[in-house]
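The chain contents come next:
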Amino acid sequence: MSEPALRLEGVSRRFRTEAGELPVLTGADMRLEAGEIVALVAPSGTGKSTLLHLAGLLEKPDAGEVFVGGRAAGTLSDDARTAIRRTDIGFVYQFHHLLPEFTAEENVVLPQMADAVPRATAQARARQLLASFGLTGRENHRPGRLSGGEQQRVAIARALANAPRILLADEPTGNLDVGTSELVFTELLAAVRGQGVAALIATHNPALAARMDRVVTLRDGRVVPG
Ligand SMILES: Nc1ncnc2c1ncn2[C@@H]1O[C@H](COP(=O)(O)OP(=O)(O)OP(=O)(O)O)[C@@H](O)[C@H]1O
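Residues numbered from 1 in each chain as written. Predicted model: local features only at pLDDT ≥ 70, side-chain atom pairs only at ≥ 80, totals over all residues. Heavy atoms only, no water.

1. Focus: the overall build of the protein
Within the protein, the secondary structure is distributed over seven helices and 10 strands. At 17 Å, the protein has a C-alpha radius of gyration in line with the 17 Å of a compact globule built from 226 residues. Its C-alpha atoms give the protein principal-axis dimensions of about 50 × 40 × 40 Å. Counting every position in the protein, which comprises 226 residues, the buried fraction comes to 48%. The contacts in the protein between residues at least 6 apart in sequence include a share of 70% that link residues at least 24 apart. Accessible surface computed for the protein: about 10400 Å², of which carbon and sulfur atoms make up 52%. Within the protein, one finds 25 positive and 26 negative side-chain charges whose respective centroids are separated by 2 Å. (Helix = DSSP H or I, 4+ residues; strand = E, 2+ residues; numbered from the N terminus. Rg over C-alpha atoms; globule rule 2.2 N^0.38 Å. Buried < 20%, exposed > 50% of the residue type's maximum accessible area, 1.4 Å probe, protein only. Contact = heavy atoms within 4.5 Å. Areas by Shrake-Rupley, 256 points an atom, 1.4 Å probe, with all protein chains shown as cover. Lys, Arg positive; Asp, Glu negative; His and termini not counted. Charge placed at Lys NZ, Arg CZ, Asp CG, Glu CD.)

Shown next, in the form of structure tokens:
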């Protein structure tokens, strides 16, 4: 079998809390194949965000290894990890995390410029991505002037700006009302399927999870079929 987009091997993470050591992940293994869309559905507090942060190279595991396109992240310099995060991985948070002082378009342009894309090219891609999320006419609005659904659409456009191979999303529609969540989620799925992006998406919503290729959950700190 060819190398998956993302592979976790024996990944462990524990936190030190007032009550003592909290083992959240205890040797988690998983594969995310190229272009595959996987739902991560697990009860609150079982480690979904922790897993996504490790997979996204935002944090380092205490043990085990994260492979992105076959490259072992633990063997790389911080600069090399940052470069992989920028070019290969898009991350969508539950709350948009857009830069409030920049417009919608600038929020989608900036990660591309950090990846050395010329400004005019980055602007054209940003406009095209924003248009694909129904945001034509909103390009020059700052996040504070956008609705919650629009903010999340911009955040998704930003995550896709550098055409990553992997999209990681942590309850990307979790703070939206049911109707808006359904709409934004449908657009998110269409975008990742259309671009052939592998995606790991945490959600509490079983109906949304059922629309992905497969479901995994977390049990006793490990990834198991959901
Ligand atoms: N930096 C940290 N320091 C201490 N404990 C932490 C830290 N980050 C997470 N935890 C704890 O680890 C456990 C797993 O947290 P995590 O956020 O990964 O769960 P989750 O499944 O994403 O939860 P939710 O569905 O509520 O977002 C929780 O008990 C949490 O309190």
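2. Structural notes on the site of the ligand
What surrounds the ligand is a group of 13 residues, the closest being S44, G45, K48, S49 and T50. Separating an oxygen atom of the ligand from a backbone N or O atom of G47 is a distance of 3.0 Å. In this structure, H204 approaches the ligand through a side-chain N or O atom, which is 3.3 Å from an oxygen atom. Residue assignment for the shell around the ligand shows that the elements contributing at least two residues are β2 (20–32) and α1 (48–55). A per-element tally of the shell around the ligand places α1 first, with three residues. For the shell around the ligand, the residue count by class is four nonpolar, seven polar and two charged. (Near = heavy atom within 4 Å. Polar contact = N/O pair within 3.5 Å; in protein donor to acceptor, adjacent residues only side chain to side chain. Nonpolar A, V, L, I, M, F, W, Y, C, P; charged D, E, K, R; others polar.)

3. Let's talk about the environment of L54
Looking at the element boundaries, L54 is found in helix α1. Setting aside residues no more than four positions away along its own chain, L54 makes contact with V11, R13, L25, E59, K60, P61 and V66.

4. A look at the nonpolar core
Judged by nonpolar contacts, the single largest core of 36 residues is most densely connected at V108, V154, L160, L167, V192 and I201. Of all elements in the fold, only β3 (37–40), α3 (104–114), α4 (119–132), α5 (148–160), β7 (166–170), α6 (178–195), β8 (198–202) and α7 (206–209) reach the threshold of two or more residues within this core. L160 has contacts with R125, L129, F133, L167, A191, V192, Q195 and V197, leaving out every residue within four places of it along the chain. One finds L8, L40, A42 and V223 within the second-largest nonpolar core, a separate group that totals 31 residues. (Core = buried A, V, L, I, M, F, W, Y, C linked by side-chain atoms within 4.5 Å.)

5. Things to note about the UniProt feature "domain: ABC transporter" (unreviewed entry) in the protein
Per the UniProt annotation, the sites labelled "domain: ABC transporter" (unreviewed entry) are residues 6–224. Annotated as 36% helix and 27% strand, the span residues 6–224 places its first and last C-alpha atoms 16 Å apart. (UniProt positions renumbered as here; feature names shortened; annotations may be inferred.)

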